[in-house]
Structures are given as C-alpha cells and as structure tokens.
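The primary structure of each chain is shown beneath.
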Amino acid sequence: MLLNRKQSGKRWHLRPDGAPKVTGQLQYLTDMTLPDMIHGRVLRSEYPYARILSIDTSEAEALEGVYAVLTSKDVPGLNRFGIATPDQPVFCEDIVRYVGDAIAAVAADSPERAALALDAIRVEYEELTPLNSTDAALAPGAPELHEHGPGNVLHRTEIKRGDAKQAFATCDHIVTETYYTPRQMHAYMETEGGLFVPDEEGRLNVYAATQHGYKDRMQLARIIGCPEEDIRVVSSPIGGSFGGKDELNVQPYGALLALRCGCPVKMHNSRKESVRAGLKRHPMKIEMQTGMSREGIIQAHRVRITADTGAYATLGAPVLNFCTEHCLGPYAIPNVDVEGVSVYTNNGLSGEFRGFGGNQAIFAMEGQMDRLAEIMNMDPWEFRRRNMREKNDPGPLNQRILVTDGLSQVWEALDRSELWQKHQHPPTDPTLPPWIKRGVGAAIAMHGAGLGYGIPDPAGGRLSLNNEGKIEVAFSYEEFGQGLVATLEIMLCDLFQCNTSDLSIIIGDTDRVPHSGSSTASRSTTMAWMALQRLQSPFRSHVLAVASEASGIPADELVTGPGGIWRKGQLPAESSEVETDVQGTGKSEKKVALALEGIIQTSEEAEKLEKAERIEAKAKEGERSDFVISYAELATQGEADEWIFDTKFDYPTTPDNVVGGHYLYTYAAVAAEVEVNTLTGETKLLDTRHVVAAGPVINPMGYIGQIEGGSVMALGFTLTEDAVMQDSRYVTTNLDTYMIPTIQDIHTQLEVEAIEDLPEGDAFGPRGIGEIGSVALAPAITAAIHQATGVWVNRLPVPREQLVRPLNVPLQEGVSPS
Amino acid sequence: MNKPLKNHWTAIVNGEHKHLEIAQTTRLVDVLRTHLQLTGTKVSCEVGRCGSCMVLMDGEPVNSCLVMAYQCEGSDIVTIEGLHGEEKGTLHPIQQAFVEEGGFQCGYCTPGMVISTKALLDAHPEPSQEQIESGLCGNLCRCTGYGGIIRAVRKAGERCAIKETSAEETVS
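What you see is a predicted model, and the numbers here were worked out from it, not measured in a lab. (Residues numbered from 1 in each chain as written. Chains lettered and ligands numbered in written order. Predicted model: local features only at pLDDT ≥ 70, side-chain atom pairs only at ≥ 80, totals over all residues. Heavy atoms only, no water.)

## Let's talk about the overall build of chain B
Thinking step 1. Counting its regular elements, chain B contains five helices and five strands.
Thinking step 2. When the helices and strands of chain B are placed in sequence order, the string is β-β-α-β-β-β-α-α-α-α.
Thinking step 3. Compactness check: chain B gives a C-alpha radius of gyration of 17 Å against a globular reference of 16 Å for 172 residues, within 12% of the reference.
Thinking step 4. Its C-alpha atoms give chain B principal-axis dimensions of roughly 60 × 40 × 25 Å.
Thinking step 5. A fraction of 54% describes how many contacts in chain B between residues 6 or more apart in sequence connect residues 24 or more apart.
Thinking step 6. Taken as a whole, chain B presents about 7,300 Å² of accessible surface, with 51% of it coming from carbon and sulfur.
Thinking step 7. The distance from the centre of the 15 positive side-chain charges to the centre of the 21 negative ones in chain B is 10 Å. (Helix = DSSP H or I, 4+ residues; strand = E, 2+ residues; numbered from the N terminus. Rg over C-alpha atoms; globule rule 2.2 N^0.38 Å. Contact = heavy atoms within 4.5 Å. Areas by Shrake-Rupley, 256 points an atom, 1.4 Å probe, with all protein chains shown as cover. Lys, Arg positive; Asp, Glu negative; His and termini not counted. Charge placed at Lys NZ, Arg CZ, Asp CG, Glu CD.)

This is the structure:
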C-alpha cells in the first residue's frame, strides 16, 4: 500500500503530544528549572591523548559562588560507565584518551561562574601522540590505550563457510573494492542535559534523556555506590536521540554534583561540547572481494571490516557483530570468509547509531552487487533476484530465522515501480545543459531487529485499570520523537474499542514503569504489541467479570468500549476518537505529559478540559441504556492491585547458538533518481521510493515520518555528513560546518510503500521501522550516480571532486581562450 | 568578581510590556528562556544555524541566540508562546496544520519552525515550493526529513489564503 494520509483514512491518528509541542508548552527535561538550582559544567581534556600529571582545583574551589569541584577522588563507587563494557571513566585518573574525556566537574550559582571555575582548574599534562587512525592503532609497537588488549583491538568477528579461497580460484569474475564510510553525527536538536534533584528522603531524581532509564539507573547506582532504588530516572520526552543518548552522558556529573551540594543541579551541554564528547557512527573501511560463476551466481565472498571505535568500548562490539551479519546482504553465498575488527583509537567516541552498523555493510554489499551486475551486463535488479536467499534459507549467520515473504515482496514491489522502470531508459531531459546528468539506482536490504542471540533482551509491560478509571499501560520505553505514545494509543483503542480519553500511558519513569527493556534496535513497537497480546485477555476477563457481577448481565454479553463496559452489539459506532481529535487540542495529552514529566506542572486549562469531558461522558451514560458501567465505577470495586496485570518475556531470538544473530528481520528496497552536476560535482536526489515489509502499519503518520526521516538522515550520510577530525580533534564542531540536510537539500519526491503481510498466525505482530528507512538509500544513490556519470563511488560522503568532469565543448573557430 | 553592570531593558514580548534589570549583553534567547521562563524558544546550535531559537522581532524572523538585549530594546518580540488561534488557548492555523500533517516528531525544532512558517506566510500567503525552501532553510530538523513540515506549511498556507479570501469577501 502506498502510504500517505489519504490512504490511511481513519488510522491517521493525531499525536497526543502534538499540541504541547507546536505551542512550545511541552517542557523537555533540559527546559526544567527549580528556584534553588545551581549549574553544573564539566572540564574536558585539552588533548586527545595525554598523561595527567597533576590536577589542582584549589583556585576553582575558592571562587565565590562555586559549590563543588569534583574529580576522580570524589566518585564513591565505580569510576566507570558503559552499557556493555564499563570502561569509560567518569573522571580520568591518569590518562585522557579523547577530547571529550572528563577530568573534573563544577557546580556554581550561575552558568557563567561555573565556566569561570572550569578555567581556574589547573591540569598539567604530558601530551602523547594520538592514535589518529586504525592503522596507527594497529601498527606494531603502538601504545595500548587500554590494558585489556591485546593491542588496541576491542573486538573481532568472523564468519567462515565453505572454502572461499578455493571458490575464488574457480570464479569467472571477481569484483574487488574497498568502501569507506564517514563518522556521522546524530545531530539531535536537543543537546544532552537535564535536572538532578536530591529529595528530602535521600533519593536522587534524575531528569535526563536516555533510551533506557533502568540501565541508566543501574549505572548511576554503581557510580554513586547506592542501591538502585535510591534513584529515580525520568527520561522522556527527549528532543531526538537516534542512538546517541543511549549511553550515559551528563548524568554521572549531574548526579554526583547534586548529591555533593544537596540541591538541584542543572546541566545542559552546548552544541560544541555535545560534538566533542558525544557518540558518532563508526567510520568503517570495508574491503570486499566477491566472485561469481559465468552464469552470474555468486560463489565466494571475502570481507574485511575495520571499524574505528574511538577511545572507549560503548557498543563497539555489538555494532561490529551487526555489521558482520549484514555484510552478506540477503544473498545465498556458499563460500564466505568474513573477518571484522573494531579498533580503539583516540578519535572521539563511536557507538550506537540508527542502523547499528547495517548502513555501512549494506552500502558495501549492494555496491558489489551493482559492480557484478555490470560485468554480467545484466539488469542489477535481476542480478539480485538470482542471488537472493530463498524463503526457507537460513539467515546470514546460517541461523534459523522467521520465515516471511518480505524479501521477495519488496523486490517485486520495487521492480514494478515507475521509478525503477526508468532505469531501463535512463532519464534524459534535452532542456538540461550537457553537464547535468541523471541516473537511477536501487538497493535491497534485510535488517535484523532486537539485540540478537546471546544478549539479554528482556521485555514486558503492565496493563491496569488505575484508580481514576483509566486503562493504564506502563512500559520502560521512551518517547524521543518516534511517536511511541501515539502508537500505544492506537493499539489500545484497537484492543478495547475505547477512546483515547479512557487511556493513561506511562513511560519514561523508573518509579512508575516495569522493566521492559530499552527503546533501541527497532524493538519497542513489537515488544509493546506482544506484551498487550499477553495482557489483554486476563485484563479483559477480569474487567468483564467484575462488570457482570455489578450489573447482573452475563460476562459473555459484555464488551469493553468508550467510557466503560457495554452490552455486546450495542457499541456506539466504532470508537471514533482516533479521528475526531482533529482539533489537536489532544484530550489525552495532558495525562501523557504528566506521566512523562512527573514534577512538571499541569496546565489548569487541561484540567478544566478533562472535567468537562467527564461531565459530558456522564451525560452520555445517562442517555444510553446499553451502557453498563463506567471504567471509573469499575475501578472502585475490589482491591487496587486486583486490577494490575504484568507480563515478562524476552525478545524473540533464533534458537541457534550464534551470538548476535537475529530472528526477526524487516526488509526494504529503495530506488533513487539523482541529478549530478558534473561542473560542481553536486548530486541532487530527485525521486525516491522506499518499499518496506515490516508487518501491519499501526500508526501511519509515525511510519511515514520514520521512513522519511530515516531516508533524509541517510541522504546526509551519503552526500554531506562527516565529522572531520584532524589529529584526533574535531574540525567540524557545530552545525555550521557539519552539514545535515536542510529543507533545500531533500528529495523532491519521496514515496513510501508499506507491505503489511505477515505469515498467518504470526506471533510477533508489527515490526519496528525506526532504522529500516536509513539503511539502503546510500547504495541506491551511488548506483544512480554511476548510471548518471559512469563513476563508481566507494567512499561516503560522495566526494564531489570524483564527479567533476571537464566540459568537453570544442572551441569555436576564431574564439580563442587567450 | 565584579558584578556585571545592570541595565534597564524594556520590550514588548507576546503583546505584554516587559521591564527587566539585565546586562544589555545578555542574549535574547537567555532573556526569553531564563528571565521570562518562555522555554518554548529552544537552544541548540547557538551560532544561528539551526533556527531552534527563532522568534519574530518587529515581524522579522531572527535567531534569538544572535540578538543581544541591547539590539532589541523597545522591540516587539513574538515567541511561540505568543502564537495562537483567534482566541487565546486555541491553536494558530499553522500550529494546527503541523499537528494534522505530522510536521514534527521530537518537537524540539518545532517552535522555531512554526515561527519561521509564520514569517513565510506573512510575506507569501500562498508560497511556492521555492519560497517554502528559502523561507525554512534556516531551520534544521533531524527527525521528520521535512516531508511532514512541507505538507503542514502548504496546508497552513491554503487555510490562511481561504481565510483571507473570505475576509475580503465580507468586506466587499
């Protein structure tokens, strides 16, 4: 189905956080203030690599208005953090390994005074030569950045199948190419920050963005040396993350300062500090050699991946695992020889980023496919079809995966598309000057969801009828813009035929939600759906049994509906609020905002609105005899805990013992038409079609938004974005030199086609689409550039100088350039 | 440390006269967010590139991170909090269109984007694609890919145009 507003009809659901966002009323965690708060700042390293000889904080401490100056000596617990491998110091003790490394933190009565205090801290360094490339870090005799070596290797991966060496010897054609991908920056609009509030009971309240509040809580407890229960983490709403806020960032400093000072501490990174200290996408060098038979069937594939993971581990190892898994593409290849290495350097910090290593791998693999197809003089799409895995074939790691038709469906849908058909007859426009060239390219991908085999990936959730008579769900997921709350509303309205005003959705608060895992790896929608599938039946049975007891009507004649319980067959015409909330004044946004923000004040207006709603509902109830009992009345029956239903389970994984191997995959095919100006080397993306097979579309607005947003992020990855470093220092320190796409740079056209089929009786429901829109555009664009110009691009962002061609215009007689 | 010089600063902010004792070198974005608690204006790049802090100053869109208090002394400032429909507490047609078309995701760029749209539609009630692009190219959005924003701006433009036409008809 071509996905747009018109096609979506009644399912076009307005987001409950819409009105607060467009009016500026929504308080992000970095907007929060308290009257008695002070301001925190972090002193970061002057060098990418150096030994710390001494730190003198006495002058800073003596400054008026300075409340605390902390260094490594002031960390009561573990002076390290990191989701997977806690190897990043909260405060460096003796060595700094990148320009974002923290040495001290201060709290003062104004941001200006905190900045002065940072200037007053004296640090003596012995500067060391930074390992500014993976080659330098792997060179014999290179200093080891971490003790846990060997060398500067964080992680290695390997896939070996068949006998690649021998197979290459029998191949008729071999393509050998090395691909390079950039250090992409998340560039979320809201930089890191928040408010850290110690309360009278001795607990610490953390209001700071993260993709996994419980994981932050665990790490902070470890740093502070306190029980986890002594910390509450409130973590939504978030002004963008894309993987970039999954690791701790300002939280250790805010927490330690607040506890030391005994008052609220506000932190908010400047953009420059965010660039300097924050995660980036792993730059990778991927060497590929792919051999095929005379008939164009791939026989052998040799891959060497080198990832620059920067100064600390973060998720460098899982990212490399993911890249390794995805560098085989969705193809059946008998002889495979893949090795990956993730290397510590002094080049910033690489970590989790939307697509998680898939983007780099797919760019390289699809590039190989186009080059091979050209040798065969074959349509590149047909070449892919010949080599694609069959429906029942195992996954890339030879692991069992869930069987779906997704791959062939996206292949066929793209093949039929008007845009791809243009490839047969490359678009030309006689009105264009001769230096403007056009071309069309396409790429295909399968992308794993969830964390993969062998990595704890717990899920769950809670469904209850709260004491206000709202159907309440609670998950430890986060709203960082993707539209999770709207998706949950739609799921619940579908399940219970209720109105959004009957709902209370709680996320992003460790005091109020059960541990149901993180919002990462395109997993939240699937996990929430699976949890609700498990919870709905016991919840409904209980609700209807109590309603039956109260009304004397048999439970099997009752159903849940708007406002409460109705006689079966008597429901008012379909729950209509999904569509009727067009005013955008969002009847339920206030409740969500409350749940998300905890201490943020409610608006009086929203309360009035709710009161009016209740009166209106009562009136309706009175008029209708088929209405049995309201949720509010039901909630008063029995004990409160009888209304609470919990579930726990794990994200589905392959039964085969392959670490990192996925079980659920989503599929995507992308076609792109570009226009290249061979005088300037500029590439403009004219038309794009994304076909995505990810199961039923729950939230069309969110789905389109994620694919469009992912696509434009991939456009930046392909054409303009690179956090350039020189001697391990950032050259591009802000958004004026680090170029993310603007409204002038985007595709003139972008269409999204959603394939909603799943196998009959599929137990996993809708798949997440947070990443799939961002993984396959780059190779489609470079294929299109090749058709336009004949140039095979192997490096991102596309180097313009490679596309510049001298104008081949013969000089006219009598007109001499001299 | 010497206390910074205090100065008297006045301006009209969202229709209300404001008087503050602040250093005249304070940035407008800090005047708004810190002194007036108008946190709808966001801070992001602080070099005038991203547009998150966009406000209207005497009707013109400006990045409030680049404007000092002394530069807007006596000005008429409109922030996102000052935008509303015909009645206070309702959505302006532009805000309404952003909600309906999914012209936002995380929402952090949205106040600035809405303000720039207001300036755009004030100048070009029925903007062409080129006018939309040049009017909003100073506002970065990392979530939406701009698709929803363009649809929202078009819809808001249509609505404003219809409204203006009917107003003219009433007058004539």
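There is more to say, and it comes next.
## Observations concerning the overall build of chain A
Thinking step 1. Of regular secondary structure, chain A possesses 22 helices and 32 strands.
Thinking step 2. Taking 2.2 N^0.38 as the reference for a compact globule, 818 residues should give roughly 28 Å; the C-alpha atoms of chain A span a radius of gyration of 28 Å, in line with that estimate.
Thinking step 3. Counting only C-alpha atoms and orienting by the principal axes, one finds that chain A spans roughly 95 × 70 × 60 Å.
Thinking step 4. Among the 818 residues that make up chain A, the fraction classed as buried is 64%.
Thinking step 5. A fraction of 80% describes how many contacts in chain A between residues 6 or more apart in sequence connect residues 24 or more apart.
Thinking step 6. When the accessible surface of chain A is totalled, it reaches about 30,100 Å², and 48% of it is carbon and sulfur.
Thinking step 7. With 73 positive and 111 negative side-chain charges, chain A shows a separation of 2 Å between the mean positions of the two kinds. (Buried < 20%, exposed > 50% of the residue type's maximum accessible area, 1.4 Å probe, protein only.)

## As for the pattern of salt bridges
Thinking step 1. For the structure shown, the criterion picks out 49 salt bridges over all chains.
Thinking step 2. Residue aspartate 31 of chain A is joined to lysine 42 of chain B by a salt bridge in which the shortest nitrogen-to-oxygen separation is 2.4 Å. Placement of aspartate 31 of chain A in the loop between α2 (18-22) and β1 (38-44) and of lysine 42 of chain B in the loop between α1 (28-35) and β3 (54-57) is noted, with the two residues assigned to different chains.
Thinking step 3. What makes aspartate 31 of chain A buried here is its relative accessible area of 1%.
Thinking step 4. Overall, the relative accessible area of 1% leaves lysine 42 of chain B in the buried class.
Thinking step 5. Linking glutamate 273 of chain A and arginine 44 of chain A is a salt bridge whose minimum nitrogen-to-oxygen distance equals 2.7 Å. Taken as a pair, glutamate 273 of chain A in helix α9 (residues 271-277) and arginine 44 of chain A in strand β1 lie far apart in primary sequence, 229 residues in all. Accessibility classification places glutamate 273 of chain A together with arginine 44 of chain A in one group, the buried group.
Thinking step 6. Each of the salt bridges in this network shares a partner with another, and the network as a whole consists of Arg5 of chain A together with Glu100, Glu101, Lys155 and Arg159 of chain B. (Salt bridge = Lys/Arg side-chain N within 4 Å of Asp/Glu carboxyl O.)

## A few points about helix α7 (residues 213-224) of chain A
Residues and elements named next belong to chain A.
Thinking step 1. With 12 residues, α7 extends 16 Å from end C-alpha to end C-alpha; this agrees with the ideal 16 Å at 1.5 Å per step.
Thinking step 2. Judged by how many residues are buried, α7 sits mostly within the fold: nine of 12 residues are covered.
Thinking step 3. Those residues of α7 not exposed but buried are Gly213, Tyr214, Asp216, Arg217, Gln219, Leu220, Ala221, Ile223 and Ile224.
Thinking step 4. Residues of α7 that are buried sit in contact with β4 (80-81), β12 (204-208), β13 (231-234) and α8 (251-261).
Thinking step 5. Of the residues one or two after α7, glycine 225 is the one with positive phi, at around 80°. (Expected span 1.5 Å × (residues − 1).)

## Digging into the sheet that holds strand β27 (residues 644-650) of chain A
Residue and element names in this part refer to chain A.
Thinking step 1. Pairing in this open sheet of four strands is mixed, and the strands run β23-β22-β21-β27 from one edge to the other. Because the sheet does not close on itself, it has two edges, and the strands there are β23 (503-506) and β27. Neighbour to neighbour, the strand axes of the sheet diverge by 15° on average, direction disregarded.
Thinking step 2. In the sheet, strand β21 (residues 458-465) pairs with strand β22 (residues 471-474) via four bridges, with the strands oriented antiparallel. For leucine 465, the partnering residue across the bridge sits in β22 and is isoleucine 471.
Thinking step 3. Here helix α15 (residues 484-496) sits on the sheet and contacts β21, β22 and β23; the angle it forms with β23, its principal contact strand, is near 140°.
Thinking step 4. Set on the sheet, helix α16 (residues 524-551) makes contact with β21, β22 and β27; between it and β27 the angle comes to about 145°. (Pairing = 2+ DSSP bridges. Axes fitted to C-alpha atoms, helices over the stretch in contact; angles between N-to-C directions.)

## Looking at the sheet that holds strand β25 (residues 564-567) of chain A
Residues and elements named next belong to chain A.
Thinking step 1. Taken in spatial order, the three strands make up an open sheet running β24-β25-β26, and their pairing is antiparallel. Each edge of the open sheet is held by one strand with a lone partner, namely β24 (558-561) and β26 (627-630). Neighbouring strand axes in the sheet, compared pairwise and without regard to direction, differ in orientation by 30° on average.
Thinking step 2. Strand direction decides the pairing type here: β25 and β26, joined by three bridges, are antiparallel. The residue bridging isoleucine 565 from the neighbouring strand is isoleucine 629, located in β26.
Thinking step 3. Across the face of the sheet, α16 comes into contact with β24, β25 and β26 while running at roughly 115° to β24.

## Digging into the packing of helix α10 (residues 316-326) of chain A against helix α11 (residues 358-376) of chain A
Residues and elements named next belong to chain A.
Thinking step 1. Contact geometry of α10 with α11 gives a least axis separation of 8 Å together with a crossing angle of 25°. Accordingly, the angle class assigned to the pair α10 and α11 is roughly parallel. The interaxial crossing formed by α10 with α11 has right-handed handedness. Taking contact as the criterion, the partners of Phe322, Cys323 and His326 in α10 are, on α11, Gly358, Ala361 and Ile362.
Thinking step 2. By residue class, the composition of the contact of α10 with α11 is four nonpolar, two polar and no charged. (Parallel < 35°, antiparallel > 145°, perpendicular 65-115°, else oblique. Left-handed = near helix turned anticlockwise from the far one by under 90°. Nonpolar A, V, L, I, M, F, W, Y, C, P; charged D, E, K, R; others polar.)

## Quick look at α15 of chain A
All names here are of chain A.
Thinking step 1. Its 13 residues place the ends of α15 18 Å apart at the C-alpha level, agreeing with the 18 Å of an ideal helix rising 1.5 Å per residue.
Thinking step 2. Burial of α15 is extensive: 12 of the 13 residues sit out of reach of the surface.
Thinking step 3. Just downstream of α15 lies glutamine 497, where phi reads positive at about 50°.

## With respect to the state of the cysteines
Residues and elements named next belong to chain B.
Thinking step 1. Inspection of every chain in the model, using the stated rule, returns zero disulfides over all chains.
Thinking step 2. Free of any disulfide, cysteine 45 has its nearest cysteine sulfur in cysteine 50, 3.8 Å distant.
Thinking step 3. Cysteine cysteine 137 shares no disulfide, and the gap to the nearest cysteine sulfur, in cysteine 50, comes to 13 Å.
Thinking step 4. Classification of cysteine 137 as partly exposed rests on a relative accessible area of 22%. (Disulfide = S-S within 2.5 Å.)

## A few points about the confidence of the model for chain A
Thinking step 1. Looking at chain A as a whole, the pLDDT averages 92, with 92% of positions reaching at least 70.
Thinking step 2. Between residues 574-605 of chain A, whose pLDDT stays under 50, and residues either more than four places distant or in other chains, the model counts 77 contacts. (pLDDT = per-residue confidence, 0-100.)

## Looking at the packing of aromatic side chains
Thinking step 1. Using the criterion set out here, one finds 13 aromatic pairs over all chains in the structure.
Thinking step 2. With a centroid separation of 5.1 Å and 80° between ring planes, the pair formed by tyrosine 28 of chain A and tyrosine 108 of chain B is classed as edge-to-face. Placement of the pair is tyrosine 28 of chain A in the loop between α2 and β1 and tyrosine 108 of chain B in the loop between α2 (93-101) and α3 (110-123), with the two residues belonging to separate chains.
Thinking step 3. By relative accessible area, which is 0% here, tyrosine 108 of chain B ends up buried.
Thinking step 4. Judged by centre distance (5.0 Å) and plane angle (80°), the rings of tyrosine 47 of chain A and tyrosine 125 of chain A are edge-to-face. Residue tyrosine 47 of chain A is located in the loop between β1 and β2 (50-56), and its partner tyrosine 125 of chain A is located in strand β8 (residues 122-127); the two are separated by 78 residues in the primary sequence.
Thinking step 5. An aromatic cluster of three or more residues is present, and its members are Trp381, Trp411 and Trp420 of chain A.
Thinking step 6. Lysine 245 of chain A extends its terminal NZ or CZ atom over the ring of tyrosine 188 of chain A, reaching a point 4.4 Å from the ring centre.
Thinking step 7. A cation over an aromatic ring shows up here: arginine 281 of chain A above the ring of phenylalanine 717 of chain A, its NZ or CZ 5.3 Å from the ring centre. (Phe/Tyr/Trp six-rings, centres within 6.5 Å; stacked < 30°, edge-to-face > 60°. Lys NZ or Arg CZ within 6 Å of the ring centre and 35° of its normal.)

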